Amino acid sequence: MGIVGATGYVGAELIRLLTRHMHVEIVGLQGRAREAEPIGATHPHLVGTGLEVNATLPPVDAVFMALPHGTAAELVPEIAAAGTTVIDLGPDFRLRDPGDYPRWYGFEHPTPELLDDAVYGLPELHRAELQALRHAQRAIVGSPGCYPTTTLLALAPLARAGLIGDLVVDAKSGVSGAGRDPKPDMMFGEVDESVKAYGVGGHRHVAEIEQELAWLGGSTGVANPGAAGVDFLPHLIPMTRGILAACHVRPTRPVDQAELDGLYADAYDDEPFVTVVGQPPATKHVTGSNHVRVHVSADARTGRVLAIGVLDNLVKGAAGQAIQAFNIVHGLDETAGLEQLPLAP
């Protein structure tokens, strides 16, 4: 097992989780311009692993790639051709339409032919496709973004039922979602005691949300008019970890609480990492874990549906979800390495 981009926050979470995975041995960590550098020099909490970061990886059976957009797309063809499973935690293999990459990410995809082979790595939606990669010539997983994961899990039962007539997503994330590189607007003095909207008019993650909502409706032969133009507004809030997505839905027809409860029970009762709760959840309920909590309620006064999802953006929103997908692709217990409960307080 190898990790490319090991010096970032997501790379650190991959190391933390995979070192406790009974079926995995980390044999290589790759970081830009590093050579035999102890991982503890970058991530002091990982000093006990004894691992080193180098500029190259040895041969591995699977590789997790936590890189900026446009970088993995150049590297994956050669890696996948060697029979190595690729789990890309960036956006380079999330979108099915090559034309979406210039629009949302500002680059022409260098290997559009591989997009048909890649599986969108949200296990709760694409488990069968991930399982099929076990026998595929190339195994490429485009691991979802943190905002789309939260939003899609909150909305998937509504989308399958064709209930999304209009949709506004009000989402909030902690600062770790912006990565580890220093940025002036991420300094403590800028973020503390402040809430800021950003990505106004078209955050990149809208592309994933619209793509998957349309796919969910299509998989059951229903239309979701609100999936064609999702109104998504993210906010930066002064905490380290966590995402909350509040999804305001105008349904395509009247729906009551009993029907909603049935839809969400059918979708998630057997899922190991998704729990439907009766009260609006907090991000603290899932911190440090691969768990998601979802709440749905029908507003009899307005006729709207409110669906809320919370998760830890570095675990279920990134490293943990990637490991969950890896487990499925390799025929392992889906929960392996991910059994830890949330942290509190």
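This text goes with the structure placed above it.
Q: With reference to specific residues and values, describe the overall build of the chain.
A: Counting its regular elements, the chain contains 9 helices and 15 strands. In the chain, buried positions account for 51% of the 345 residues. Once local pairs closer than 6 in sequence are excluded, the contacts in the chain between residues at least 24 apart make up 71%. Entry remark: accessible area of the chain is about 14900 Å², with carbon and sulfur atoms responsible for 52%. Charge separation in the chain, taken as the distance between the mean sites of 24 positive and 41 negative side-chain charges, equals 5 Å.

Q: Break down the pairing of strand β5 (residues 62–65) for me, with residues and values.
A: Residues A62 and F64 point to one face of β5 and V63 and M65 to the other, with burial holding for every one of them. Pairing of strand β1 (residues 2–4) with β5, which is carried by 3 bridges, proceeds in the parallel orientation. What sits directly across from I3, in β5, is F64. Both β5 and strand β6 (residues 85–88) contribute to a ladder of 4 bridges, which runs parallel. Bridging across to β6, M65 finds its partner in D88. For the crossover from β5 across helix α2 (residues 72–81) to β6, the handedness is right-handed.

Q: Help me get a handle on the packing of helix α4 (residues 123–132) against helix α7 (residues 206–219), residues and values and all.
A: It is the contact of α4 with α7, at a shortest axis distance of 12 Å, that shows an interaxial angle of 75°. It follows from the interaxial angle that α4 and α7 lie roughly perpendicular. From α4, L125, H126 and E129 reach across to α7, where they touch E212, W215 and L216. Here the residues of the contact of α4 with α7 are counted per class, giving 3 nonpolar, 1 polar and 2 charged.

Q: Any details on the sheet that holds strand β10 (residues 196–197)? Residues and values, ideally.
A: The strand order β10-β11-β9-β12-β15-β14-β13 describes an open sheet built from 7 strands, whose pairing is mixed. Where the open sheet ends on each side, the last strands, each with one partner, are β10 and β13 (274–276).

Q: Let's hear about α4: which residues, and what values?
A: Listed in full, the buried residues belonging to α4 are P123, E124, L125, H126 and L130. Buried positions in α4, seen along its axis, are confined to an arc of 150° and lie on one side of it.

Q: Explain the environment of I26 to me, and be specific about the residues and the numbers.
A: Considering the arrangement of structural elements, one finds I26 in the loop between α1 (9–18) and β2 (28–30). Separated by 23 residues in the primary sequence, I26 and T49 have C-alpha atoms spaced 9.9 Å apart. When neighbours within four sequence positions are excluded, I26 is seen to be in contact with M1, I3, I15, L18, T19 and L51.

Q: Describe the nonpolar core, with residues and values.
A: Counting 59 residues, the largest nonpolar core has V76, L155, L158, L167 and L213 as its most contacted members. Broken down by element, this core gets its largest block of residues, 9 residues, from helix α5 (residues 146–160). Those residues in contact with L158, other than ones at most four positions away along the chain, are L163, I164, N224, V249, L260, Y264 and V305. Among the nonpolar cores identified, the runner-up in size contains 35 residues, and L14, F326, V329 and L338 belong to it.

Q: Requested: an account of the sheet that holds β1, with residues and values cited.
A: Strand order in the open sheet formed by 8 strands is β3-β4-β2-β1-β5-β6-β8-β7, and the pairing between neighbours is mixed. If you trace the sheet from one side to the other, it starts and ends with β3 (37–38) and β7 (119–120), each paired once. Strand direction decides the pairing type here: β1 and β2, joined by 3 bridges, are parallel. Paired with I3 across the two strands is L29, which belongs to β2.

Parameters at a glance
Residues numbered from 1 in each chain as written. Predicted model: local features only at pLDDT ≥ 70, side-chain atom pairs only at ≥ 80, totals over all residues. Heavy atoms only, no water. Helix = DSSP H or I, 4+ residues; strand = E, 2+ residues; numbered from the N terminus. Buried < 20%, exposed > 50% of the residue type's maximum accessible area, 1.4 Å probe, protein only. Contact = heavy atoms within 4.5 Å. Areas by Shrake-Rupley, 256 points an atom, 1.4 Å probe, with all protein chains shown as cover. Lys, Arg positive; Asp, Glu negative; His and termini not counted. Charge placed at Lys NZ, Arg CZ, Asp CG, Glu CD. Pairing = 2+ DSSP bridges. Right-handed = clockwise from strand over helix to strand, strands pointing away. Axes fitted to C-alpha atoms, helices over the stretch in contact; angles between N-to-C directions. Parallel < 35°, antiparallel > 145°, perpendicular 65-115°, else oblique. Nonpolar A, V, L, I, M, F, W, Y, C, P; charged D, E, K, R; others polar. Arc of directions from axis to C-beta. Core = buried A, V, L, I, M, F, W, Y, C linked by side-chain atoms within 4.5 Å.

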